[in-house]
Amino acid sequence: MREHSDVVIIGGGPVGAALALALADSETDVQVLEARADLDRPAHKRTLALSYGSRLILERLNVWAALRTVTEIRDIHISQAGSLGMARLHAAEESLPALGYVVDYAELDSGLHAALRRTEVAVVTAAHVKDVASYAGYARARVEIAGVTRHVTSRLAVVADGGTGSSMPRQTKDYAQHALLALVSAEVGPHGWAYERFTAEGPVALLPQDDGYALVWTATPERVKALLELPDDVFLRDLHAHFGDRVGRFLSVSSRNSFPVNLSYVRETIAPHRVIIGNAAHILHPVAGQGFNLGLRDAWELAAGIRDSRHEELGSLRMLKNFQGGRRLDTAGSMFFTDLLVNLFSNDIPVLRHGRSLGLLALQQIRPLKRFVARRMIFGAQG
Ligand SMILES: Cc1cc2nc3c(=O)[nH]c(=O)nc-3n(C[C@H](O)[C@H](O)[C@H](O)COP(=O)(O)OP(=O)(O)OC[C@H]3O[C@@H](n4cnc5c(N)ncnc54)[C@H](O)[C@@H]3O)c2cc1C
């Protein structure tokens, strides 16, 4: 580990690694401090839906072509349990090859690190950052490596630790929901379709992955705990009863795991010579598959800001305020959109149910509205 570099990135998850790659061919001297000792062991086990906009960024980073198992989302079906309203979005209507793509978190993470290994960027593993202090001309990270505490200074410290390690105060809204994740197969294969079904307990999503689906089933913590403990055949029957018959009966399920879901964010993401991005700055409900897409756009825009800065300006409040200003609409829009979906749909109030039904019908029928929603799913709030 070097004791000083221009930019220190704390956390080599997908967002931190993407930022490091975006800076790899610049004049800036970058090092990444990552807590994992073994980069082949991903920090999370989950499937990610990537927007078309994220694909474009990953292509620019020379990572996209190396991802082996990418499944296209060409059509999205949105429905509500107990009502007739539904909407369908199609890539062909947007003149795009796909509305989005499904990739495994582990594969994306290892693809980014494989690309980083071909650069000069130093990735220090088993480096646990304890805190980051911000001073007038620099930032200083306190790092523990093999039980020894050391310090690294930089013109700019970027906190991209997923929100687990940082001691920054967070605003949190608890949805009182957990998400159950698993891979399932069904009588009707995906053929590019993703399904989002809103129920009073919480949304259920089926994302196409190879010949089966990645399932994200949100419900109360008690219900998810019970679902985790069911024998496979009973679980598959319950899923069919809950999701409906759109893909026929469910045939198999992998091992299941679960997460609490909430909205959590840091109000003040910048300080002199320190900035927070990705999940470290904002954790969203997985309902709209926005979290990583938003974090990747943070990384991309920050890399542009760093490249455009003169060395003496790097990490200055002026530079960071410019970055923050540019990200405000996208961040607030993604948080608002996701939170609205959860609040509006996760209940059984009759007047809201009818309103939602009409909303889905309108989405299906009104072309500009459909295009508005599709573009936000593809390119984020600034789409
Ligand atoms: C159930 C679920 C489903 C999701 N589905 C989607 C989806 O479909 N689409 C989407 O876009 N997003 C989705 N997300 C969100 C997505 O997983 C996150 O937005 C994304 O992982 C954020 O990446 P990150 O690099 O900011 O953080 P992380 O992926 O958490 O990576 C943080 C990294 O920092 C390291 N680290 C932690 N602490 C320290 C420390 N103290 N010192 C050094 N290193 C440290 C960790 O080891 C890790 O490598 C989902 C999330 C959940 C929970």
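Residues numbered from 1 in each chain as written. Predicted model: local features only at pLDDT ≥ 70, side-chain atom pairs only at ≥ 80, totals over all residues. Heavy atoms only, no water.

Participant: Quick rundown of the pattern of salt bridges? Include the residues and the values.
Facilitator: Taken as a whole and judged by the stated rule, the model has 17 salt bridges. The shortest N-O distance in the salt bridge between arginine 2 and aspartate 29 comes to 2.6 Å. Highlighted residues: arginine 2 in the segment before strand S1 (4–10) and aspartate 29 in the loop between helix H1 (14–23) and strand S2 (30–33), separated in sequence by 27 residues. Take arginine 2: its relative accessible area is 33%, and that puts it in the partly exposed class. Overlapping salt bridges, with partners in common, bring together Arg297, Asp298, Arg327 and Asp330 in one network. (Salt bridge = Lys/Arg side-chain N within 4 Å of Asp/Glu carboxyl O. Helix = DSSP H or I, 4+ residues; strand = E, 2+ residues; numbered from the N terminus. Buried < 20%, exposed > 50% of the residue type's maximum accessible area, 1.4 Å probe, protein only.)

Participant: Tell me what's going on with the packing of aromatic side chains, and back it up with residues and numbers.
Facilitator: Throughout the structure, instances matching the rule amount to seven aromatic pairs. With a centroid separation of 6.2 Å and an interplanar angle of 25 degrees, the aromatic rings of tryptophan 193 and tyrosine 195 are classed as stacked. You can call tryptophan 193 partly exposed: its relative accessible area is 21%. Within the aromatic cluster, the residues linked to one another by ring pairs are Trp193, Tyr195, Tyr213, Phe243 and Phe250. Sitting above the plane of the phenylalanine 235 ring, arginine 256 keeps its charged end 4.4 Å from the centroid. (Phe/Tyr/Trp six-rings, centres within 6.5 Å; stacked < 30°, edge-to-face > 60°. Lys NZ or Arg CZ within 6 Å of the ring centre and 35° of its normal.)

Participant: A description of unusual backbone geometry should follow, citing residues and the corresponding values.
Facilitator: The phi torsion at asparagine 62 lies on the positive side, around 60 degrees, for a residue other than glycine. Tracing the chain through its elements places asparagine 62 in the loop between helix H2 (52–60) and strand S4 (71–73). Since its relative accessible area comes to 61%, asparagine 62 is described here as exposed. Even without being a glycine, histidine 191 presents a positive backbone phi close to 45 degrees.

Participant: Can you tell me about the environment of valine 30, naming the residues and giving the values?
Facilitator: With respect to the helices and strands, valine 30 occurs in strand S2. Taking C-alpha positions, valine 30 is 9.5 Å from histidine 4, a pair spaced 26 residues apart along the chain. Excluding its chain neighbours within four sequence positions, the residues that come into contact with valine 30 are Arg2, Val7, Ile9, Ala20, Leu23, Val121 and Ala122. (Contact = heavy atoms within 4.5 Å.)

Participant: Run through the sheet that holds strand S7 (residues 100–104), naming residues and quoting values.
Facilitator: As summarised here, the arrangement of the three strands in space is S3-S7-S4, forming an open sheet in which the pairing is antiparallel. Of all the strands in the sheet, just strand S3 (47–51) and S4 have a single pairing partner and so form its edges. Taken over all neighbouring pairs, the strand axes of this sheet differ in orientation by 30 degrees on average, direction set aside. The strands that H2 touches are S3 and S7; relative to S3, the one it contacts most, it runs at about 90 degrees. Lying on the sheet, helix H3 (residues 105–117) is in contact with S3 and S7; it crosses S7 at an angle near 85 degrees. (Pairing = 2+ DSSP bridges. Axes fitted to C-alpha atoms, helices over the stretch in contact; angles between N-to-C directions.)

Participant: Hey, could you go over the site of the ligand for me, with residue numbers and the actual values?
Facilitator: Around the ligand sit 34 residues in total, of which Glu34, Arg46, Ala49, Tyr105 and Asn279 are the nearest. Separating an oxygen atom of the ligand from a side-chain N or O atom of arginine 46 is a distance of 2.6 Å. A distance of 2.7 Å separates an oxygen atom of the ligand from a polar side-chain atom of asparagine 279. Protein coverage of the free-state accessible area of the ligand, which is 1000 Å², stands at 92%. Looking at the shell around the ligand, the elements with two or more residues in it are H1, S3, strand S9 (127–134) and helix H6 (291–308). Per-class residue counts for the shell around the ligand are 15 nonpolar, 15 polar and four charged. (Near = heavy atom within 4 Å. Polar contact = N/O pair within 3.5 Å; in protein donor to acceptor, adjacent residues only side chain to side chain. Areas by Shrake-Rupley, 256 points an atom, 1.4 Å probe, with all protein chains shown as cover. Nonpolar A, V, L, I, M, F, W, Y, C, P; charged D, E, K, R; others polar.)

Participant: An account of the packing of H1 against H6 is needed here, citing residue identities and associated values.
Facilitator: The packing of two helices is summarised by the inter-axis angle and the distance between the axes. Where H1 meets H6, the axes come as close as 9 Å, and the angle between the chain directions of the two elements is 30 degrees. On the basis of the axis angle, H1 is roughly parallel to H6. The crossing of H1 and H6 is right-handed. Counting all contacts with H1, which are made through Pro14, Val15, Ala18, Leu19, Ala22 and Leu23, the residues of H6 involved are Phe292, Gly295, Leu296, Ala299, Trp300, Leu302, Ala303, Ile306 and Arg307. A per-class count over the contact of H1 with H6 returns 13 nonpolar, one polar and one charged. (Parallel < 35°, antiparallel > 145°, perpendicular 65-115°, else oblique. Left-handed = near helix turned anticlockwise from the far one by under 90°.)

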